[in-house]
Amino acid sequence: MLAHMKTHIFSLILLTLTLSFSVFSEPSVNKDLTCIDCHAQQAEAWKDSHHFHSMAAIDTPTNLADFTLQPMVLEGDNVHFYKKGSQYFVNMPGLDGKQIDIEITHTFGYEPLQQFIFHTGNGKYQFIPYAWDSRSKEAGGQRWYHLYPDFDAADEFHWSQMGQNWNQNCADCHSTNFKKGFDVETMSYNSTYDAINVSCTACHQGTEDHLKWTKNQTQKVKHFGFSQSIQAKHPIFYENESGLLVPVDRAKDTKQVEVCAQCHSRRAQLSDHEENGAFFDHYVPATLTNALYHADGQIYDEVYVYGSFTQSKMYKAGVTCSNCHDPHTTKLKMPGNVTCTQCHSAPKYDTPKHHQHQAESTGAQCVNCHMPSTRYMGVDDRRDHSFKIPRPDLSVRLGTPNACQDCHANVSDAEHAKQLKLWFPDSKYRAKKGFAHAFEQADKGSLTITPELVQIANDPENTGIVRASAISRIQGAQNNQDLITFLGKQLASDDPIVVIEAIRATSQLRPINRALKVIPVLDHPNRSVRMTAGRALATNLADPTFKGERREKLQSAVDEYIEAQQYQADRGSAQTNLGQVYMMMREFEKAEAAYKQSIRVENIFMPAYIYLADLYRQQQREGEAEKVLLDAINVNPESSDIYYQLALVKVRQRDRIKAVDYFDVAIKYNDKNPRAFYTRGVLHQENGEKEKAKQDYAMAYKLQPQSPDYLYTLTVILIELKEYDSALFHAQKLGQLLPNNPQVQQLIAHIRSMM
């Protein structure tokens, strides 16, 4: 009833918004306009770019959508886009299912799709769930379509939730010098920007000093804009006697990739954008996790270029964004393969002998083999920037995609692999192991793959993001001296992303070893590293014997971590992060307040309920813990994680029947969680239902076949059921996972003695 009332109130608010609400006003002074006086040519080129059209008021030429169409049905939603005078509206279903009218205030993006935002009050702007396909009619465009048809109100990316909030997610990259201005007490935004779109100072750093220099040109000033390292139409590499590409000149130092990465990366943001700020002072980029990338590093989710490009040989060789893209138009500087033959000799590479396709054909285009595209948001094809060699042989072994399939989907991966071997029998790439196999095995829980991960992390030929991604997957014993030594070496790296993942990996060490290794990093020059180190060692602040300079440094780093989470105070995840840090410092009242604030700002964020319930459990407040979890179910009745936690509550209350019921529901809503099957199996075993326990253990093992814990438990239940042949088979599998383990060998001998 209460949830329905909230929904109804929200719908009424939206109805009210159609009558009157404030919209953004342009800043009184746009210092980017000063640039046009001297840089008219660049400004004119910029006006044709996606950056120029990144955001605009709805009543400008940037708005490409048709608001004159008749009412339509989009994925079951009755929708009508229309104009009333100079105002633009959409009539759509509200949260209670009833039709509401929303006034649209701004366009967002340009091609191949355009989104639209509206004001919900208190300075908060949200996206409607429909987009305009701005492609040509011939390409299937010039239509409205539903972006998120399968999402309900409990989903982060539903139009009413924070995943579709402009202030938090999108404004920092689509407007210039954006300041979020969120007030957690009033739950309101006072967001501002210097320019509504991506303008000069979004990319060019040090503009204040540059403007001073224009008035007094005798003054020396360091220019932080893009340095051009190529001349148009002239190659910047040549082929030496060994057939290797060698640069014509030394690569120039530039911050260009990091400047572009401020927006063109999947990253966590620590603060508002600041001119001249180091990238790792304001952002923490994502590594090559299996949620974002395929095992071989090809893009899977939306990662916005940086994470794929920084895997590449091009990045390692010093190639930058503007070697291929005009920084003002954002388009390619040269047509087709000419972009690539700036560096890669045309007689050697732009020829059928290399690409094995008819010249000038689709298959002869470099990008179609080395930069395959993935479609996002229904119509947006984005190319992979890791520039990989097509590897259908990896597709056969690991299920990774390959570019051959994009054009020849009717041919199997095995046949593609066979054909490539005929074309390139001496390929060094096919023989090279790479990191794909190790990452794939680690993501399945393999412990035996650790030596390969260490080798990848130690290999200087791998770029920082690859080495960091290997470190993030390493598992080892707490007292493993080799692991301690290895992580100590990585913590001394000059690459911040490597250091960050090394700090996180020290969670596997004993507290004393972790502290000894991480304390020296507390005064690292980059904020993202310092705050990661602070979070790692925050537990030490609860120790009164931890004193002196090291405590001061740690407190400072923890304060930076807290400040970064407070910047993201409008997200439940940040508030929950605060709660966890306060728990580590044993400041339980602050932790409880942070978890409750997390629920307040984003009530669909289920981890907040789980951590708050766990806090109550630790304080023997079991009844309150259960109530918190039941409150979560009222918000999201299909949350598998919450039902799992409720099952554990019932286990502690010795109510095994109800516990099994909750486990059943948890598995109903997520049958890919091995831990749920395993824990239910334990309960079945305690209840004497060994056959059911076997089935659950078998499923847990099937979902995570590299887990020795699941395999051992399955083996033991098979012994209890006297299924010795199967028990021996699985025990031998365990021996492969844990070679030379004496306990496993004893288990195998024990089973054989019973057969």
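Higher on the page you've got the structure.
Given the structure is predicted, the values throughout are model-derived calculations rather than measurements.

1. Re helix α26 (residues 548-567)
Okay, step 1: The end-to-end C-alpha distance of α26 is 29 Å, a good match for the 28 Å that 20 residues give at a rise of 1.5 Å each.
Okay, step 2: When α26 is considered as a whole, its buried residues turn out to be Leu554, Ala557, Val558, Glu560, Tyr561, Ile562, Ala564, Gln565 and Tyr567.
Okay, step 3: Tucked into the core, α26 has its buried residues touching β15 (267-269), α25 (527-537) and α27 (572-584).

2. Concerning the side chain of Gln342
Okay, step 1: Locating Gln342 in the fold gives a position in the loop between α11 (313-317) and α12 (346-349).
Okay, step 2: Within the local environment of Gln342, its side chain forms a polar contact with the backbone oxygen of Thr339, the two atoms lying 2.8 Å apart.

3. Quick word on the packing of aromatic side chains
Okay, step 1: In this structure the tally under the stated criterion is 28 aromatic pairs.
Okay, step 2: Judged by centre distance (5.3 Å) and plane angle (45°), the rings of Tyr678 and Tyr710 are tilted. Of the two residues, Tyr678 sits in helix α33 (residues 674-686) while Tyr710 sits in helix α35 (residues 708-720), which places them 32 residues apart along the sequence. No difference in accessibility class separates Tyr678 from Tyr710, as the two residues are buried.
Okay, step 3: Taken together through their ring pairs, the aromatic side chains of Phe67, Phe81, Tyr88, Phe116, Tyr130, Trp132 and Trp144 make up a single cluster.
Okay, step 4: Here Arg473 stacks its cationic end above the ring of Phe439, 4.1 Å away from the centre of that ring.

4. Side note on the environment of Ile389
Okay, step 1: Checked against the element boundaries, Ile389 lands in the loop between β18 (380-383) and α15 (392-398).
Okay, step 2: Residue Ile389 is classed as partly exposed on the basis of its relative accessible area, which comes to 32%.
Okay, step 3: The spacing of Ile389 and His524 is 135 residues in sequence and 37 Å in space, taken between C-alpha atoms.
Okay, step 4: Those residues in contact with Ile389 that sit more than four places away from it in its chain are His370 and Tyr429.

5. Some thoughts on unusual backbone geometry
Okay, step 1: Note that the residue after Glu111, namely Pro112, is joined by a cis bond; omega there is 5°.
Okay, step 2: Among the structural elements, Pro112 can be located in the loop between β6 (106-108) and β7 (113-121).
Okay, step 3: Not every positive phi belongs to a glycine, and Gln142 is a case in point at roughly 60°.
Okay, step 4: Topologically, Gln142 is positioned in the loop between β9 (130-133) and β10 (143-146).
Okay, step 5: Since its relative accessible area comes to 36%, Gln142 is described here as partly exposed.

Cut-offs applied
Residues numbered from 1 in each chain as written. Predicted model: local features only at pLDDT ≥ 70, side-chain atom pairs only at ≥ 80, totals over all residues. Heavy atoms only, no water. Helix = DSSP H or I, 4+ residues; strand = E, 2+ residues; numbered from the N terminus. Expected span 1.5 Å × (residues − 1). Buried < 20%, exposed > 50% of the residue type's maximum accessible area, 1.4 Å probe, protein only. Contact = heavy atoms within 4.5 Å. Polar contact = N/O pair within 3.5 Å; in protein donor to acceptor, adjacent residues only side chain to side chain. Phe/Tyr/Trp six-rings, centres within 6.5 Å; stacked < 30°, edge-to-face > 60°. Lys NZ or Arg CZ within 6 Å of the ring centre and 35° of its normal.

All quantities given are derived from atomic positions and should not be read as evidence of function.
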